[in-house]
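So you can see what is in the structure, the chains are spelled out below.
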2 protein chains.
Amino acid sequence: MRELEERIRRDGIVENGDVLKVDSFLNHQMDVELFAAMGREWARLFAGEGVNKILTIEASGIGIACIAAQQFGVPVVFAKKSRTKNIAGDVYRVQVPSFTHGGMSDVIVSKRFLGPGDRLLLIDDFLANGAALEGLLDLAEQAGAAVAGAGIAVEKAFQPGGARIRARGVRVESLARIKSMGSGHIEFC
Amino acid sequence: MRELEERIRRDGIVENGDVLKVDSFLNHQMDVELFAAMGREWARLFAGEGVNKILTIEASGIGIACIAAQQFGVPVVFAKKSRTKNIAGDVYRVQVPSFTHGGMSDVIVSKRFLGPGDRLLLIDDFLANGAALEGLLDLAEQAGAAVAGAGIAVEKAFQPGGARIRARGVRVESLARIKSMGSGHIEFC
């Protein structure tokens, strides 16, 4: 999506060669008008796919998912990192390595909100090594839910996650795919 | 707001006398059409207040804040729990007790995204003892930002947070204020 690529070129910051900071518009400060444009693009790409629910993972996927959900007219469920006392025992659970915090996080979804009748669109801000998205796919599989595909804002196409997940037959629609980057340069696929 | 009160009556579950579960529409599964109605109500209440940014706290405030922000035409900043390696050193920082996880969380906002030129609307899903909202007020004060007020989805008015924060002169607009509750009964103010 040209609008997202241009924004990344303008406001993204490459650090240490492989960290792309987009925190001024995507995952700390959030430009909700840009999110609406992204939501419209996924709605176009997944039109007719029968999506009835969006599944994302906290925290930075939530805003994008909620605004995209308005385009689909469906609710959002967000997978929670670690168990909270407000969630009853009946949960689907998967372990996901945390890129930002290190270590592993327990990620859960209440069984009340995912099931065999669902056809999901998975949404997340980043796809790099694919761990978070594979966690969401695992949760969907546990629930017996169908997956229409995944909508990703920024894919680091030089990391292996996207290829591995597409090889499983999952449709992945990334709105900006970065082929290579370094200090002062970002090249899109 | 009648629509939110009716939804709480219909789908909210009171557990252990003082825990209100609204996870089927507010903070795990999320009804984005309801969020849009809430956003319109806050936009009406805070019209003319010069809000230029919404500040919330991860994770369950983010979806509500993003959809409300569309009504104001402003960006959202969400305060992050614990430091991540994607955030540079220059952050405002406050400690907030965690109701759901126990213990204290370090909550941070990058200094790049809050400053003296900002006039903030604070958004969160719940107000009970007030700790999270006081954390956001503290972050705003550190930044020298003005606060137009706080938009809360559900206030437990029988707990002390709302009264204490209003006594500081902060305008708090809660869309559903619960006077009392118990198993099978919820009374609004």
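Thresholds applied
- Residues numbered from 1 in each chain as written.
- Chains lettered and ligands numbered in written order.
- Predicted model: local features only at pLDDT ≥ 70, side-chain atom pairs only at ≥ 80, totals over all residues.
- Heavy atoms only, no water.
- Helix = DSSP H or I, 4+ residues; strand = E, 2+ residues; numbered from the N terminus.
- Buried < 20%, exposed > 50% of the residue type's maximum accessible area, 1.4 Å probe, protein only.
- Contact = heavy atoms within 4.5 Å.
- Areas by Shrake-Rupley, 256 points an atom, 1.4 Å probe, with all protein chains shown as cover.
- Lys, Arg positive; Asp, Glu negative; His and termini not counted.
- Charge placed at Lys NZ, Arg CZ, Asp CG, Glu CD.
- Expected span 1.5 Å × (residues − 1).
- Core = buried A, V, L, I, M, F, W, Y, C linked by side-chain atoms within 4.5 Å.
- Salt bridge = Lys/Arg side-chain N within 4 Å of Asp/Glu carboxyl O.
- Polar contact = N/O pair within 3.5 Å; in protein donor to acceptor, adjacent residues only side chain to side chain.
- Phe/Tyr/Trp six-rings, centres within 6.5 Å; stacked < 30°, edge-to-face > 60°.
- Lys NZ or Arg CZ within 6 Å of the ring centre and 35° of its normal.
- Axes fitted to C-alpha atoms, helices over the stretch in contact; angles between N-to-C directions.
- Parallel < 35°, antiparallel > 145°, perpendicular 65-115°, else oblique.
- Nonpolar A, V, L, I, M, F, W, Y, C, P; charged D, E, K, R; others polar.
- pLDDT = per-residue confidence, 0-100.
- Right-handed = clockwise from strand over helix to strand, strands pointing away.
- Pairing = 2+ DSSP bridges.

**A look at the overall build of chain A**
Scanning chain A for helices and strands turns up 5 helices and 11 strands. Across its three principal directions, the C-alpha atoms of chain A cover 50 × 40 × 30 Å. Relative to its 189 residues, chain A shows a buried fraction of 59%. A fraction of 60% describes how many contacts in chain A between residues 6 or more apart in sequence connect residues 24 or more apart. Accessible surface for chain A amounts to roughly 7,400 Å². Of this, 45% is attributable to carbon and sulfur atoms. Between the centroid of the 23 positive side chains of chain A and the centroid of its 23 negative side chains there is a distance of 3 Å.

**Concerning helix H3 (residues 61-72) of chain B**
In an α-helix there are 3.6 residues to a turn, and that puts residues three or four apart on one side. The end-to-end C-alpha separation of H3(B) is 16 Å, in line with the 16 Å expected for 12 residues at 1.5 Å each. Among the residues trailing H3(B), Gly73(B) stands out with phi positive, at a value near 65°.

**Observations concerning the nonpolar core**
Side chains that are nonpolar tend, in soluble globular proteins, to be buried together. Of all hydrophobic cores here, the largest spans 83 residues; its most connected members are Ile8(A), Met38(A), Ile54(A), Ile8(B), Met38(B), Trp42(B) and Ile54(B). Discounting chain neighbours no more than four positions away, the residues touching Ile54(B) are Ala65(B), Ala68(B), Ala69(B), Phe72(B), Val74(B), Pro75(B), Val76(B), Val77(B), Leu121(B) and Ile123(B).

**What to know about unusual backbone geometry**
Residue and element names in this part refer to chain A. The residue after Glu58, namely Ala59, is reached through a cis peptide bond having omega 0°. One can find Ala59 in the loop between strand S4 (53-57) and helix H3 (60-72). Positive phi, normally seen in glycine, also occurs at Asn16, with a value near 55°. Tracing the backbone shows Asn16 in the loop between strand S1 (13-15) and strand S2 (19-21).

**Focus: the pattern of salt bridges**
What the rule picks out here adds up to 34 salt bridges over all chains. Among the salt bridges present, the one from Glu41(B) reaches Arg44(B), with a minimum N-O distance of 2.8 Å. Residue Glu41(B) and its partner Arg44(B) are located together in helix H2 (residues 32-45), separated by 3 residues, close to a single helical turn. According to the relative accessible area criterion, Arg44(B) is exposed, its value standing at 55%. Measuring nitrogen to oxygen at the nearest pair gives 2.9 Å for the salt bridge that ties Arg171(B) to Glu173(B). One salt-bridge network, held together by shared partners, links Arg7(A), Arg10(A), Asp11(A) and Asp31(A).

**Points about the environment of Asp31(A)**
All names here are of chain A. Topologically, Asp31 is positioned in the loop between strand S3 (29-30) and helix H2 (32-45). On the basis of relative accessibility, which here comes to 19%, the residue Asp31 falls in the buried class. Sequence separation between Asp31 and Ile64 is 33 residues; the distance between their C-alpha atoms is 9.5 Å. In contact with Asp31, not counting residues within four places along its chain, are Arg7 and Phe25. A distance of 2.7 Å separates polar atoms of two side chains, one belonging to Asp31 and the other to Arg7.

**What about the packing of aromatic side chains?**
Tallied over the full model, the rule gives 0 aromatic pairs over all chains. If you follow Arg171(B) out to its NZ or CZ, it ends over the ring of Phe46(B), 4.4 Å from the centre.

**Notes on the packing of H2(A) against H3(B)**
Where H2(A) meets H3(B), the axes come as close as 9 Å, and the angle between the chain directions of the two elements is 105°. Classified by the interaxial angle, the pair formed by H2(A) and H3(B) is roughly perpendicular. On H3(B), the residues that touch Val32(A), Phe35(A) and Ala36(A) of H2(A) are Cys66(B), Ala69(B) and Gln70(B). The class makeup of the residues in the contact of H2(A) with H3(B) is 5 nonpolar, 1 polar and no charged.

**Thoughts on the confidence of the model for chain A**
Do not read the fine detail of predicted coordinates wherever pLDDT is low. When the pLDDT values of chain A are averaged, the result is 94; 95% of them are 70 or greater. At the level of chain-chain contacts, confidence expressed as ipTM amounts to 0.94, with global pTM at 0.95.

**Side note on the pairing of strand S5 (residues 76-81) of chain A**
Regular strands place their side chains on alternate faces of the sheet. Here S5(A) lies mainly inside the structure; 5 of its 6 residues are buried. For the handedness criterion, the β-α-β arrangement of S4(A), H3(A) and S5(A) is classed as right-handed. Bridge count for S5(A) against strand S3 (residues 29-30) of chain B is 2 bridges, and the pairing is antiparallel. Note that in S3(B) the partner of Val76(A) across the bridge is Met30(B).

**What about the side chain of Lys53(A)?**
Tracing the backbone shows Lys53(A) in strand S4. Side-chain polar atoms of Lys53(A) contact the side chain of Gln29(B), separated by 3.2 Å. Every residue in contact with Lys53(A), bar those within four places of it in the chain, is listed here: Val74(A), Pro75(A), Val77(A), Phe113(A), Leu114(A), Asp118(A), Arg119(A), Leu120(A), Leu121(A) and Gln29(B).

**Things to note about the side chain of Ser60(A)**
One can find Ser60(A) in helix H3. With relative accessibility at 19%, the residue Ser60(A) sits in the buried group. Within the structure, the side chain of Ser60(A) is placed 2.9 Å from the side chain of Asp125(A), a separation counted as a polar contact. Once residues within four sequence positions are removed from consideration, Ser60(A) is found in contact with Asn27(A), Asp125(A) and Phe78(B).

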